[in-house]
Structures are given as structure tokens and as C-alpha cells.
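Spelled out, the chains give:
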Amino acid sequence: MNQTKRKRRNQKLAFGIVSMLTYLIVLILILMLVFIIVRGIGVISWEFLSTAPTDGMTGGGILPAIIGTLYLIIGSAAFAFPIGIMSGIYMNEYAPKGKLVRLIRMMTNNLSGIPSIVFGLFGMALFVNKLGFGDSILAGSLTLGILSLPIVIRTTEEALKAIPDSFREGSYALGATKLQTIGKVTLPMALPNITTGLILSIGRVSGETAPILFTCAAYFLPQLPDSVLDQCMALPYHLYVLATSGTNLELQRPIAYGTALVLISIVLIVNIAATLIRKYFANKVKMN
Amino acid sequence: MKRFIEKIIQGMLTVSGFVTSIVILLIVLFLFTEGAGLFSKPKVEDGYEIVLNKKNDINTLSAEQIKDMFDDKITNWNEVGGKNQDIVLFRLNDITNYFAEEELGEQLEHVPAKISELISQHEEIIGFIPQEYIKNDFAGKRLDMGNIKFKDVFFGKEWIPTATPISFFGILPLITGTLWVSLVAILIALPFGVAAAIYLAEIANHKIRDILKPVIELLSGIPSVVYGFFGLIVIVPLVQNIFHLPVGETGLTGSIVLAIMALPTIITVSEDAMRNCPRSMREASLALGGSKWQTIFKIVIPYSASGITSAIVLGIGRAVGETMAVLMVTGNSAIIATGILQPLRTIPATIAAELGEAPDGGVHYQALFLLGIILFLITQIINSSVEYVSAKNKL
Amino acid sequence: MNKIEVKNVDFYYGNFQALKNISLEIEENKVVAFIGPSGCGKSTFIRIFNRMNDLIPETHLTGTVNIDGIDIYQKGTNVDALRKKVGMVFQRPNPFPKSIFDNVAYGLYVNGIKDKKYIKQKVEESLQGAALWDEVKDELKKSAFALSGGQQQRLCIARALAISPSILLMDEPASALDPISTAKIEELIWELKKTYTIVIVTHNMQQAARISDKTAYFYLGEMIEYDDTKIIFTNPKKESTQNYITGRFG
Ligand SMILES: Nc1ncnc2c1ncn2[C@@H]1O[C@H](COP(=O)(O)OP(=O)(O)O)[C@@H](O)[C@H]1O
Ligand SMILES: [Mg+2]
């Protein structure tokens with residue numbers, strides 16, 4: 001009896017510790033979010049979002065950074081989405097199963113394991129210097145695009161894999177070619193899941209700093225870029241600058257909180273959107 | 001025609017299929033061509049030479065000795081095995097101390113001759129002089145310092161990338177900094193990460209799990225600058241106050257931030273591993289009167305040990321490569337760290353902090369690319385080994 | 001006295017009723033076999049005696065199950081202690097990825113026994129009890145996975161014996177084994193019955209006839225008939241039972 005009591009007590013203790021540690025993680029996250037939201041919310045206004053920084057970045061808004069990040073998102077998507085999706089299609093639909101697919105998958109995994117600063121170095125060597133794009137939206141977008149390729153490829157592959165072969169066979173049976181089958185049956189069915197992956201990759205791209213440090217990001221550039229060969233500001237880099245350098249750290253603090261809040265909002269929106277899309281289509285499939 | 005188009009599209013798909021492989025090859029190619037160039041660069045600042053008087057018995061000097069001379073730490077030749085003479089330093093801009101402006105000529109055309117003359121007259125002099133001013137009839141002794149060597153980099157204890165006359169690219173301080181920060185980060189993250197994995201895989205019911213999983217995903221979605229910012233504002237003062245330090249930007253601060261950032265990886269991978277523990281094993285343990293906790297501790301955790309190890313290794317990989325957050329909170333001092341409560345500097349933070357100032361194609365630039373190679377290799381080794389182990393486990 | 005008494009038990013997986021109003025009694029030191037077509041609820045029922053079904057979310061039970069006169073489903077029941085008293089052997093051998101010795105000793109460890117000498121002795125006893133000792137006595141440190149399927153299953157029996165249960169539940173213990181291993185297990189059950197009350201699920205009619213004292217026939221969650229094995233196999237009262245044992249369906 002004594003023994004079973006001890007067993008119960010140990011279990012209670014262990015479960016207590018385990019759940020405490022888990023909820024501590026949640027607490028830290030909440031603390032971080034609340035901290036930034038509380039301090040940042042007062043800063044956010046239409047003016048903050050729609051004007052350029054002034055007074056050596058101690059005043060004004062963050063419009064150029066928002067626009068810059070937007071350009072980088074669009075630029076990297078224009079590169080990574082088509083290539084990534086095509087790559088995913090090749091892996092699941094065309095490549096002979098076995099060694100080759102495993103090799104490609106390994107390469108994709110390895111690519112996703114490379115630290116973002118190494119992408120920065122690579123982008124600088126190839127796009128900025130070798131191809132002569134200079135520090136530009138183009139160079140930054142390509143670098144970020146490469147960084148987001150693995151996410152796009154992986155979600156495309158998984159989404160296609162989830163489609164039962166019976167649908168493909170049904171299409172072939174009607175005389176459709178492989179490409180028609182992919183274009184008219186497989187891909188549309190996989191689209192919701194692919195979209196989730198694309199959205200998540202946008203989230204990743206919008207928050208990356210290291211890859212654009214030397215390929216694109218401008219320290220301070222109040223006017224908006226007018227070509228892809230211009231530099232631009234970007235939200236994450238702007239937050240870094242506001243937090244660590246600049247003319248007056250104290251005066252920059254509120255703007256930094258505001259910028260951090262905008263960044264976090266993007267991440268939250270992206271995550272929620274991805275979840276909603278997943279849920280929405282999951283329900284739809286169930287109903288059919 | 002239709003078939004032709006299909007063929008083209010199929011070709012495009014095939015090429016896209018190999019895009020990641022191509023990118024990795026390109027990354028390797030570019031990092032290595034830039035980084036390996038470092039070893040064909042002279043130790044002394046490019047375009048300069050170290051010269052002595054011909055009568056000086058010294059024929060070789062180490063990079064450290066030269067640095068100490070120019071830093072006034074070595075002031076007499078006998079300290080390096082020479083005569084008992086005070087060392088006289090000579091840099092190009094010191095020339096006006098010896099000659100009037102007229103003597104140097106209108107176009108400074110007499111400078112080479114004057115330098116030659118000066119060096120040959122002063123037995124105790126050591127000069128650091130641009131190569132363009134050293135002509136064939138130079139009357140001094142030119143020290144051949146040789147190129148930067150492998151061991152100067154990999155066993156070098158000093159990282160002083162922009163010093164004259166000699167820069168030091170010893171990566172030991174950066175390696176130790178990276179190791180300190182990453183390992184301590186994992187030590188901090190491990191109990192939390194494994195606990196959360198246990199909680200999610202074994203204890204929590206569906207509803208709680210459905211709430212907690214997205215929360216953890218969110219944790220991995222937050223940009224690293226935001227972590228860095230939070231660390232700077234909240235954790236830096238916290239560490240400073242708790243340990244009564246002069247500054248709060250220390251290795252530990254970086255470790256704490258990194259620990260939070262590595263959590264999602266550790267949790268997800270360990271949880272998956274625990275879920276893979278077959279139900280029959282759990283049931284057997286419970287049927288023998290084992291409590292739920294005993295079953296977790298004695299059956300599930302040992303069973304998923306290799307998965308949990310992968311999680312730790314992947315977590316280390318993330319920590320090693322993380323740049324911005326670490327850059328913002330670790331204080332970035334490039335001395336070999338002997339403890340976690342000092343400012344220290346990691347490899348990625350070094351690249352991020354210095355690449356902007358390093359002239360393209362120069363020694364410093366190449367040294368930073370070399371750091372990139374090291375980082376690349378570390379993370380590739382980590383990834384491949386994890387993949388190898390998990391592939392083996394699946395068989 | 002009856003070792004086990006089941007009264008009006010209903011069991012549900014969510015809304016699905018897997019057992020319907022089952023009552024039966026099992027005497028001490030008897031072997032009782034559960035037979036019936038696949039999916040009729042045999043496993044569900046046997047797992048009720050050590051509350052193994054508790055592990056499956058959204059299940060519930062009504063009625064009473066007494067073991068040694070105590071309702072094991074009453075509030076405050078110590079489930080771990082119950083499971084120590086009611087050992088279980090599963091359909092597929094499921095040794096832990098540990099050494100042979102540690103497999104047998106596991107139940108002792110988790111029940112707080114630390115005395116090394118006692119553990120060693122108990123491991124030997126249990127392996128002997130499971131007729132495995134002679135085959136493994138020189139390689140106790142070897143991984144349990146190195147054993148053959150039949151040996152693994154006997155190891156699992158030894159593991160269950162080590163914690164000195166008084167009831168042994170066996171859910172198709174020989175279904176994954178070859179005929180020779182099966183014969184060994186049957187022989188073993190014959191031996192074990194001297195010390196334990198045994199409940200065994202089997203889809204093998206001859207097996208049930210050979211080893212059990214009483215047999216219960218289940219069909220679609222109901223217990224159709226429960227009687228002496230001899231009667232069930234020679235002169236069943238229900239037609240459904242008759243059909244099943246003569247192999248007309250199932
Ligand atoms: N975990 C479970 N969840 C829901 N239904 C289950 C579960 N396990 C078994 N069942 C259902 O209960 C019924 C009885 O199953 P079981 O006891 O395993 O039958 P037997 O062992 O006689 O083959 C079957 O209809 C089966 O589908
Ligand atoms: Mg069954």
C-alpha cells in the first residue's frame with residue numbers, strides 16, 4: 001500500500017513538473033506577445049503606417065519599410081512559387097520513385113537547414129556581385145525566394161501525395177494526358193494545402209533579416225523605390241536598426257515597439273489564415 | 001503541337017525538380033571560391049610590406065610579434081632575440097617627421113628614395129610601407145611574411161579583422177562563442193522541450209493539444225529580430241540584475257533567447273518520436289502495474305531516445321545558425337570566452353556585423369565567407385546525420 | 001468462492017455499444033475460454049478485468065465487475081494495484097526493447113521492488129514458470145528481440161508471472177505463433193492453472209476444447225452461452241453456438 005502511494009505521489013509530482021514546464025513555455029510566449037502588443041498598440045495609427053520616418057528615424061512612420069517588405073514578399077513569391085510548385089509536381093508525379101526522389105528530398109531538407117545568414121552571403125556573392133544586381137530588391141527577392149523554396153516544395157509534394165491515385169486513374173481512363181490530369185485534377189485538388197504552405201512561406205519571408213542585410217536592405221531611405229534595382233527598407237531590418245543603432249535609441253523605442261507589433265501581426269495573420277484555409281477545406285472535403 | 005508543348009512543360013518540371021540541388025551546388029561553389037581565396041592572401045595587409053634595416057639580425061618575425069610592436073607592447077629588439085635597441089616604428093605618414101615637404105618632391109616622386117634612405121640609416125627601425133613605394137633599388141630588408149595559413153585561421157586565438165599592419169583571422173574565439181551560446185541554449189531548452197513533448201504526446205487530451213500545437217507553431221513563426229528585440233529589452237536587464245553584471249549582453253542572454261527559439265524544433269521532433277512508441281509497449285507496461293508516469297519514463301522515453309537525440313541535434317543546428325537574435329543580445333566581444341556570463345560572439349553574428357564593412361573581394365570579406373563555409377558545413381553535417389539516423393530507424 | 005463476478009455489464013466505445021448486458025462468474029484456479037467470431041467483443045471483455053479499456057478515450061462501462069469480492073470499477077480503485085493482481089498477455093508478443101532479464105524484472109521494478117537478490121530469484125522462477133528458463137538461462141543479458149516469436153511470447157508470460165498475479169488474462173496468446181510454439185504455450189497454460197485463474201481468448205476451437213474448463217461464446221457483443229467446456233463443445237443449448245463450433249460460420 002505504501003508502495004502504491006509512493007507511485008501515485010511520484011506520478012503526481014512528475015506530471016505536475018511536466019505540465020508546469022509546458023505552461024511556462026506558453027506563459028513566456030503570451031508574455032512576449034502581450035509585452036509587445038501593449039507597448040506597440042499606442043504607437044500604431046494610420047499616420048504611423050502611412051508616412052516615412054523623419055527626424056533621423058526618431059519620428060514619423062514606417063511606410064517605406066512596409067512597402068519594402070511587401071515588394072520582397074511579391075518578388076520572392078514570383079520566383080519561389082512557380083519553381084517550387086513545379087519542383088513539387090516533378091517529385092511526386094514524374095520522378096521515378098526511389099533513390100532519385102530521396103536524393104532530391106534530401107537536398108531540399110538540407111537547403112532548409114542552411115542558416116539564413118549563409119543565404120545572405122550567397123545572395124551577396126551571386127546576385128549582388130557576380131550578376132551585378134547590386135544591393136537591390138531584385139537581389140533581395142531572389143535570395144529570399146531561394147530560402148523559401150524548401151517550404152513551397154515540401155508542401156506541394158505532401159499535398160499531391162495526399163491525393164489518392166484513383167483520381168488520377170479516373171482521369172487517365174477518360175483519355176487525359178498526364179499533364180492534363182495534373183492541371184485539371186490533381187493540382188486543383190491539392191491547391192488548398194499548397195496554399196497553406198505558400199502563406200506560411202510568406203510569413204517566413206516577411207520576418208527574415210539576415211538574408212537581406214547585404215543584398216537589399218537600406219538603413220534609411222525615406223523615398224519609395226521605383227525600380228527593382230533600387231534598395232528598399234524592410235520591416236525586420238528596420239526593427240533591428242531601431243533597436244540597436246540610429247541617432248537616439250530612447251526616442252526610437254516607441255517606433256521599434258510599433259514596428260515589432262506590425263511584424264508580429266503579419267505572423268499572426270499568416271498563421272491564422274493558414275489554419276483557417278486548412279480547416280475550411282478539410283470540412284469541405286468531409287462533407288463531400 | 002500539343003505533344004510538343006507537353007514535352008516542353010515536362011522539361012521545365014524536371015529542371016525545377018533539381019532546383020534545390022542546383023542551389024546547394026551554387027552555394028558550395030560561391031562560398032568556397034570566395035572563402036578559399038583567403039589562403040592565397042598575404043598575412044600583411046594587402047599591398048604593404050614590413051621592412052627592416054639590413055644590419056638588423058632579425059630575419060623573421062611572427063605576426064603576433066609585429067602586432068605587439070605596432071601596439072607598443074614590444075619596444076626593444078632584444079625582446080624578439082635582437083640587439084638591445086629601442087624599436088622605432090615607421091608608417092608612411094611618419095615620413096614628414098623625417099623630411100621636409102620639399103624634399104619629397106612636388107608629385108611625391110622622391111618618396112621611395114627617401115624611404116629607402118631612411119630605412120638604411122636607422123638600424124632600429126621597422127617600417128610598414130605600401131609596396132608602390134618599394135622600388136628595385138630599395139636599400140632595406142624586406143620581410144617575407146608569407147600567406148595566411150590554415151593553422152593561422154583554425155588554431156588562431158585572435159579575431160582582429162581590420163588591424164594594421166596585420167589582421168588576425170583566428171576563429172577559435174568565434175567557435176568557442178558559438179559553442180557556448182548554443183550548448184547552454186540547448187541545456188536550457190531541453191527540460192522545457194522534452195517536458196512539453198511528453199505533455200503533448202502523453203498527458204494532454206485532444207482539446208488541450210489542439211490549442212497548444214498552434215501556439216508552438218506560432219513560436220517558430222515569430223521573426224528572429226522580434227526575439228532579439230524582446231531579449232534586448234527584457235532579458236538583457238534581467239540577466240544584468242540577477243547576476244550583478246556590468247552589462248547584460250552576455251552569452252547567457254543569447255542562450256536564453258536561443259532556447260526559446262529552439263523549443264518548437266525540439267518539441268515537435270520529440271513529440272513525433274514519442275508518438276511512434278507502439279501502443280503494445282505502453283499497454284504491456286501498464287498491464288504489469290506500471291503507472292502512467294513509469295510507462296512514460298521507462299518505456300516511452302527510452303524507446304524514443306534516438307528521436308529525442310535528433311531533436312536535440314536539430315535544436316543545436318538551429319541555435320548554431322541563428323543570427324539576428326544572437327547579434328542583438330550577446331555583446332559580440334571576440335575574445336575566447338571562458339564563461340557564459342561574458343559578452344561573446346558567434347560565427348553568424350560576426351558575419352552579420354562585419355560583412356557590411358568588409359570591402360568586396362578583400363581579405364576580410366573572404367574570411368567572412370570562410371566563416372560561412374564553416375557554418376554551412378556544421379549545419380549540413382547535423383542535418384545529414386539526423387537524416388541518416390532517422391532513415392536507419394525506419395528500416 | 002468466485003474469483004471474478006461480472007454483473008450486467010454494458011460497454012461503449014463512444015456511442016457504439018460493444019458489450020451488451022453481460023453477467024458471468026469465474027471460479028478460482030479454472031481456465032475459462034472466450035470464443036466467438038472476430039469483432040464480437042472478446043478482447044473488449046477481457047480488457048475489462050484489468051481496466052485496460054480505461055486507456056481508450058471516450059469509453060464507458062456500466063454494471064459491476066468484482067474481483068475477490070471487490071468492485072474494481074468503484075471510485076478510488078487503485079488501478080496499478082489491480083493490474084499487478086491481474087496479469088495480461090497480449091495477442092502479439094510485445095517484449096520491451098530491453099534485455100531478457102530486464103523484461104521479466106520490469107514489473108518488479110515498477111512495483112518498487114529493489115532487492116537485487118529477490119529480483120534475480122524471481123526472474124529465474126518466472127522464466128521457469130514460463131518454460132523458458134532452460135533456453136535462455138545463459139543469455140539473460142541479450143536483447144529480448146533476439147528471441148523467436150514463440151520464445152518472445154513465453155517471455156511475455158514470464159514477465160506477467162513475475163509480479164505474482166492471481167489472475168492471468170491471455171488475449172489470443174498463440175495466434176501469432178507456429179504450431180510447435182502453440183503446443184508449448186498450451187502445455188504451459190495447463191501447468192499455470194494450478195496457481196492462477198486464467199481467462200483466455202482464442203479463435204481456435206480445438207485449443208479452447210483442450211485447455212479450458214469453461215467456455216463462453218460471444219456474438220455481436222452478447223454472451224450467448226457460458227457453460228462447462230465439455231457441454232459447449234458436445235451439447236450446446238443454443239443453435240448459434242452449435243453453428244459456430246461446427247464451423248458453419250465465423
Ligand atoms: N478502440 C476502439 N474504438 C472503437 N471501437 C472499437 C475499438 N476497439 C474495438 N472496437 C469495436 O468493438 C467491437 C468488438 O471488438 P473486439 O473486442 O476487439 O472484438 P474481438 O476481440 O472479439 O475480435 C468491434 O466491433 C470493434 O470494431
Ligand atoms: Mg480481439
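Right above here is the structure, for reference.
Not measured: the values here are computed from a predicted model.

Right, let's get into the overall build of chain B. What chain B contains, in helices and strands, is 15 helices and 6 strands. For a compact globule of 395 residues, the expected C-alpha radius of gyration is about 21 Å, and chain B comes in at 29 Å, more than 25% above that figure. Over its C-alpha atoms, taken along the principal directions, chain B stretches across nearly 95 × 75 × 35 Å. For chain B, the proportion of its 395 residues judged to be buried stands at 54%. Considering only contacts within chain B whose residues lie at least 6 apart along the sequence, 68% involve residues at least 24 apart. Put simply, chain B shows about 17200 Å² of open surface, and 60% of that area lies on carbon and sulfur atoms.

A separate point is the packing of aromatic side chains. Per the stated rule, a full pass over the model turns up 26 aromatic pairs over all chains. For the ring pair Y23 of chain A and Y199 of chain B, a centre distance of 5.4 Å and an interplane angle of 75° mean the geometry is edge-to-face. Here the residue Y23 of chain A occupies a position in helix 1 (residues 2-41), and Y199 of chain B occupies one in helix 6 (residues 172-203), the pair thus bridging two chains. Given a relative accessible area of 36%, Y23 of chain A falls into the partly exposed group. Accessibility expressed as a relative area gives 8% for Y199 of chain B, which makes it buried. Between Y90 of chain A and F18 of chain B, the aromatic rings sit 5.8 Å apart at their centres with planes inclined by 50°, giving tilted as the arrangement. Note that Y90 of chain A is positioned in helix 3 (residues 63-94) and F18 of chain B in the loop between helix 1 (2-17) and helix 2 (19-36), a pairing that runs across two chains. Within the aromatic cluster, the residues linked to one another by ring pairs are F35 and Y257 of chain A together with F229 and F230 of chain B. It is K178 of chain A that lies over the ring of Y94 of chain A; its NZ or CZ is 4.7 Å from the centre. The cationic tip of K67 of chain B hangs over the ring face of F168 of chain B; the distance from NZ or CZ to the ring centre is 5.8 Å.

On to the interface of chain A and chain B, then. Contact residues are listed per partner, giving 72 residues for chain A and 74 residues for chain B. Contact between chain A and chain B buries roughly 6700 Å² in total, counting both sides, with carbon and sulfur atoms accounting for 80%. For the chain A face of the interface with chain B, the top three residues by lost area are I25, M32 and L121 of chain A, together amounting to 10%. Elements represented by at least two residues in the side of chain A that touches chain B include exactly helix 1, helix 3, helix 4 (99-113), helix 5 (116-130), helix 6 (137-161), helix 8 (178-207), helix 9 (235-244) and helix 10 (249-287) of chain A. With 20 residues, the single largest contributor to the side of chain A that touches chain B is helix 1 of chain A. Class assignment of the residues belonging to the side of chain A that touches chain B gives a composition of 52 nonpolar, 16 polar and 4 charged.

This part takes up the pattern of salt bridges. All names here are of chain B. All chains considered together, the criterion is met by 31 salt bridges over all chains. In this structure, E202 engages R282 in a salt bridge whose closest nitrogen and oxygen atoms are separated by 2.5 Å. With E202 in helix 6 and R282 in helix 10 (residues 279-287), this pair connects stretches of sequence that are 80 residues apart. For E202, a relative accessible area of 12% puts it in the buried group. For E271, the salt bridge identified is with K213, shortest N-O distance 2.8 Å. One end of the pair, E271, is in helix 9 (residues 251-275); the other, K213, is in helix 7 (residues 206-221), with 58 residues separating them in the sequence. Using a relative accessible area of 1% as the deciding quantity, one classes E271 as buried. Salt bridges linked by common partners bring R209, K213, E271 and R275 together as one network.

Moving on to the interface of chain A and chain C. Opposite the 5 residues of chain A that make contact, chain C presents 10 residues. Of the roughly 520 Å² buried at the junction of chain A and chain C (both faces included), carbon and sulfur atoms supply 35%. Our count for the contact surface shared by chain A and chain C stands at 1 residue pair in polar contact (both at pLDDT 80 or more).

Calculation criteria
Every chain begins its residue count from 1, and numbering advances along the sequence as written. Here chains are named by letter from A upward and ligands by number from 1 upward, in the order in which they appear as written. Per-residue local features of the predicted model are confined to residues with pLDDT of at least 70, and side-chain atom pairs are confined, for both listing and counting, to 80 or more; whole-chain, interface and lining totals are unaffected and use all residues. Only hydrogens and water are set aside; all other atoms, that is, all heavy atoms of the structure, feed into the side-chain values. Helix numbering and strand numbering both begin at the N terminus, where a helix is a DSSP run of H or I of at least 4 residues and a strand a DSSP run of E of at least 2. Each radius of gyration reported is based on C-alpha atoms, and the globular scaling rule is 2.2 Å times the count of residues to the power 0.38. Here's how the labels work: a residue is buried when its accessible area is under 20% of the maximum for its type, exposed when over 50%, partly exposed in between, all with a 1.4 Å probe on protein chains only. By the convention used here, residues are in contact when the closest approach between their heavy atoms is within 4.5 Å. Computed by Shrake-Rupley with a 1.4 Å probe, the accessible areas treat only the displayed protein chains as cover when residues are assessed. Pairing of aromatic side chains requires ring centres within 6.5 Å, counting the rings of Phe and Tyr and the six-membered ring of Trp. Pairs whose planes differ by under 30 degrees are stacked, by over 60 edge-to-face, and all others tilted. Comment: the charge-over-ring label is applied if NZ (Lys) or CZ (Arg) is within 6 Å of the ring centre and within 35 degrees of the ring normal. Buried area is calculated as the accessible area (1.4 Å probe) missing from two parts once they are joined, with the contributions of both summed. In the scheme used here, Gly and all other residues not listed as nonpolar or charged are polar, with Ala, Val, Leu, Ile, Met, Phe, Trp, Tyr, Cys and Pro taken as nonpolar and Asp, Glu, Lys and Arg as charged. Here a salt bridge means any side-chain nitrogen of Lys or Arg lying within 4 Å of a carboxyl oxygen belonging to Asp or Glu. Pairs of N or O atoms within 3.5 Å make up the polar contacts considered here, provided that, within protein, one atom can donate a hydrogen while the other can accept it, and that residues adjacent in sequence are counted only when both atoms are side-chain atoms.

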